[in-house]
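As a plain string of letters, each chain reads:
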Amino acid sequence: MRQSSTADRRLRPYGRIGVAALAVTLVATLTASAAAGGTPARTTADGLAGLPAVAPVMACADVMGLDLGGVTDAPVTIRSAAVVTTGAPAPYCEVRGTIAPADTIVLRLPVNGWTQRYVQTGCGGLCGSANINVPQAAACPPIADGTVAAATTDMGHQGRNDGSWAAGNPQAHIDFGYRGVHVTAETAKAIIAAFYGRAPAYSYFTGCSDGGREALMEAQRYPHDFDGIAAGAPANNMAVQNTFHHAWNVLTNRDSNGDYILLADRLPLIHAAVLAACDNLDGLVDGLIDDPRLCHFDPARLLCRPGRDPATCLTAAQAAVVRRLHDGAVDARGRRLEPAISHEWGSELEWTLFVPSAQGQTVGSENFALSYLRYLADPNDPDPDYRLSDLALTVASFWSTVLPSSTYLSAMDPDLGAFRRAGGKLLLWHGWNDQHISPQTTLIYYDAMRATMGAANVDRFARLYLFPGMAHCGGGDGPNTFDVLTPVMAWVESGRRPARIVAGRVAGGAVTRIRPVYPYPAVARYDGTGSIDDAANFAGYTPRRPVRNDADWVGRRLYSHGYQTWPRAVGGKLVLRTRP
């Protein structure tokens, strides 16, 4: 059993919560540390430690009176603490507060028995709201029965999610970048220690999209905050993702008049052609491509020919757009301004994020790009009038656009040695049909980890899962409902290495397909008997020659150790520094 840090480090975040509470916490912490030398005496069938439930040692309302001075680097104000008795997983004590200057924290504390685990959840987009949400862990037993303490944060700003909150607010950049999640962890653990009279035995983080970026940022910058981390579809390459990636989605689909070339009514046609060409590559025609990198679809096969019904084909311009959307942003010389394969073959039905249904519409990708380019790309010089046409698709523009924000908003450092040495476990996951964030960014990061730390070292603490047919953080045609938190907990608490994850596709309130997903590079293969919708009829298969991911792009060196900075807010400006 691994604890989050040494005993003296655990005491530091609790601040002045009272001598009696601190003494109880010290005894509990040292007791837990003494038990850390071996496997827990009892584990559940899921591989979780058989931790006894703990009752609160104080009333919910009394949380309002806690002295949290010194818990973190700024004052903490508890604004409310009340028992919630309706909805799942009630009852719990809901605590709301603010970590100065503006990080909202929401904390749920079970009142009928806490199994000594803390789970912090991430949020998506540019955040701005604090809502505890664990969709990829709903089946995790401690989550389902409401026995974990959980918290989240809005990451230092509230209101509009268009980036305007960052204008003239350098501290908001820092809090959104990495500080907000860290100080939330410190504060939540301090409140938990006071409320139950003991610290969490285990602490976990789970998030998807920006929540996945937050997860990796924690592993990179604060390796002792969490024992286990589940990072889904991480926006780790945020500075490129929200500039050249999303801008290209729009710009490459416009003609000289500014009109869209490809509209969404063509997407089902393209998707059907892709499946016809590649669905059977894995030996099973089931509407899914288990590894789209093996699909070498050529949009030119859909070109309109004389006598062909226009409803069943593409113009040359439309086919060229399809190719460019798949391949990703390049400059005039063909140099890649984002990793190869921006949108995998098989994901075409999800392209409505950036392919409109009619002329004149503003697509999601344009909003994402403009939010970043206007307010986040240059922290000290926001430009609310910036237009996508202002973005030059050149190498020089690439570096001037993604620096310096990538040094504190992106989470691409592949050296997780400190997290590994602390005993941390990491589960990365991504949907192959992700329309927002290319799975290539996760694959390249995983490859960079193995190259930097050594494959054997990475295998000791990290796993990657790729879900065929799944869109961004869920949805899509493939199985998209699953539990990623229990495998992380079991790995941390009993040493059980994650094996296959069973995912189900839910449609109309019913589960229509169940499939296993194996740790990368293994894939699921049908054994030839029984229903193709039953996970029991599939086994893991590791290709003899795994596909090599193409990391040859302009920003390749961003996936390196030591690039991150620790900015300060000084005189209304963001000042970068290389050390905290």
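Refer to the structure above for everything that follows.
Residues numbered from 1 in each chain as written. Predicted model: local features only at pLDDT ≥ 70, side-chain atom pairs only at ≥ 80, totals over all residues. Heavy atoms only, no water.

So what about the overall build of the chain? Which residues, and what values?
Counting its secondary structure elements, the chain contains 15 helices and 15 strands. Here the C-alpha radius of gyration of the chain, 24 Å, is about what a compact globule of 580 residues would show, namely 25 Å. Counting every position in the chain, which comprises 580 residues, the buried fraction comes to 59%. On the chain, roughly 22,000 Å² of surface is accessible, and the fraction owed to carbon and sulfur atoms is 52%. A gap of 6 Å separates the mean positions of the 51 positive and 52 negative side-chain charges of the chain. (Helix = DSSP H or I, 4+ residues; strand = E, 2+ residues; numbered from the N terminus. Rg over C-alpha atoms; globule rule 2.2 N^0.38 Å. Buried < 20%, exposed > 50% of the residue type's maximum accessible area, 1.4 Å probe, protein only. Areas by Shrake-Rupley, 256 points an atom, 1.4 Å probe, with all protein chains shown as cover. Lys, Arg positive; Asp, Glu negative; His and termini not counted. Charge placed at Lys NZ, Arg CZ, Asp CG, Glu CD.)

Please provide a residue-by-residue account of the packing of helix α6 (residues 238-251) against helix α9 (residues 364-375), values included.
Where α6 contacts α9, the two axes come as close as 8 Å, and the packing angle between them is 135°. Considering their axes alone, α6 and α9 lie oblique with respect to each other. Handedness of the crossing formed by α6 with α9: left-handed. Packed against α6, whose contacting residues are Met238, Ala239, Asn242, Thr243, His246, Ala247, Asn249 and Val250, the element α9 presents Ser365, Glu366, Phe368, Ala369, Tyr372 and Leu373 at the interface. (Axes fitted to C-alpha atoms, helices over the stretch in contact; angles between N-to-C directions. Parallel < 35°, antiparallel > 145°, perpendicular 65-115°, else oblique. Left-handed = near helix turned anticlockwise from the far one by under 90°. Contact = heavy atoms within 4.5 Å.)

Before we move on, can you summarise the sheet that holds strand β9 (residues 462-467) with the specific residues and values?
Here 9 strands make up an open sheet; going across it, the order is β1-β2-β3-β5-β4-β6-β7-β8-β9 and the pairing mixed. Every other strand in the sheet has two partners, leaving β1 (76-84) and β9 as the edge strands with one partner each. Looking at each pair of strands side by side, their axes are set apart by 15° on average, direction ignored. Examined bridge by bridge, strand β8 (residues 425-431) and β9 share 6 bridges and lie parallel to one another. By the bridge assignment, Leu428 is partnered in β9 with Leu464. Its contacts with the sheet place helix α15 (residues 485-494) against β4 (117-121), β6 (202-208), β7 (228-232), β8 and β9, and it is angled at close to 150° to β6. (Pairing = 2+ DSSP bridges.)

Describe the packing of aromatic side chains, listing the residues and the values that go with them.
In the structure shown here, the tally under the stated rule is 20 aromatic pairs. Between the aromatic rings of Tyr222 and Trp566, the centroid separation amounts to 5.8 Å while the plane-to-plane angle is 90°, which identifies the pairing as edge-to-face. Of this pair, Tyr222 sits in the loop between α5 (210-221) and β7 while Trp566 sits in the loop between β13 (538-541) and β14 (568-570), and the two are 344 residues apart along the sequence. Aromatic pair Trp429 and Phe467: ring centres 6.3 Å apart, planes at 85°, arrangement edge-to-face. Placement of the pair is Trp429 in strand β8 and Phe467 in strand β9, with a sequence separation of 38 residues. Residue classification places Trp429 among the buried residues on the basis of a relative accessible area of 1%. Here a set of aromatic residues connected by ring pairs shows up, and it is made of Phe244, Phe398, Trp399, Trp553 and Tyr559. Geometry around Tyr178 places Arg221 over its ring, the cationic atom sitting 4.1 Å from the centre. (Phe/Tyr/Trp six-rings, centres within 6.5 Å; stacked < 30°, edge-to-face > 60°. Lys NZ or Arg CZ within 6 Å of the ring centre and 35° of its normal.)

Give me a nonpolar patch on the surface: which residues, what numbers.
A contiguous nonpolar patch, built from Val502, Val506, Val511 and Ile514 and spanning about 290 Å² of accessible area, is present on the exposed surface. Counting residues per element, the ones that place at least two in the nonpolar patch are β10 (501-507) and β11 (510-517). Relative to the helices and strands, Val506 resides in strand β10. (Patch = residues over 30% accessible without salt bridge, like charges linked within 9 Å, V, L, I, M, F, W, Y side chains within 5 Å. Salt bridge = Lys/Arg side-chain N within 4 Å of Asp/Glu carboxyl O.)

Explain the state of the cysteines to me, and be specific about the residues and the numbers.
Counted by the stated rule, this structure contains 5 disulfides. Here Cys208 engages in a disulfide with Cys473; their sulfurs sit 1.9 Å apart. Disulfide Cys208 to Cys473: torsion about the S-S bond roughly -95°, handedness left-handed. Of the two residues, Cys208 is situated in strand β6 and Cys473 in the loop between β9 and α15; the sequence distance between them amounts to 265 residues. By the burial criterion, Cys208 is buried, and Cys473 matches it. Assigning the bonded cysteines of the chain consecutive numbers by sequence position, one obtains the connectivity 1-2, 3-4, 5-10, 6-7, 8-9. Unpaired in terms of disulfides, Cys140 finds its nearest cysteine sulfur in Cys208, a separation of 17 Å. For Cys140, a relative accessible area of 0% puts it in the buried group. (Disulfide = S-S within 2.5 Å.)

Tell me about the nonpolar core, and name the residues and values.
Ranked by size, the top nonpolar core spans 103 residues in total, and within it Leu109, Phe398 and Leu426 carry the most contacts. If one sorts the elements of this core by residue count, helix α4 (residues 170-196) sits on top with 14 residues. Of all hydrophobic cores here, the second largest spans 31 residues; its members include Ala49, Trp429, Phe467 and Cys473. (Core = buried A, V, L, I, M, F, W, Y, C linked by side-chain atoms within 4.5 Å.)

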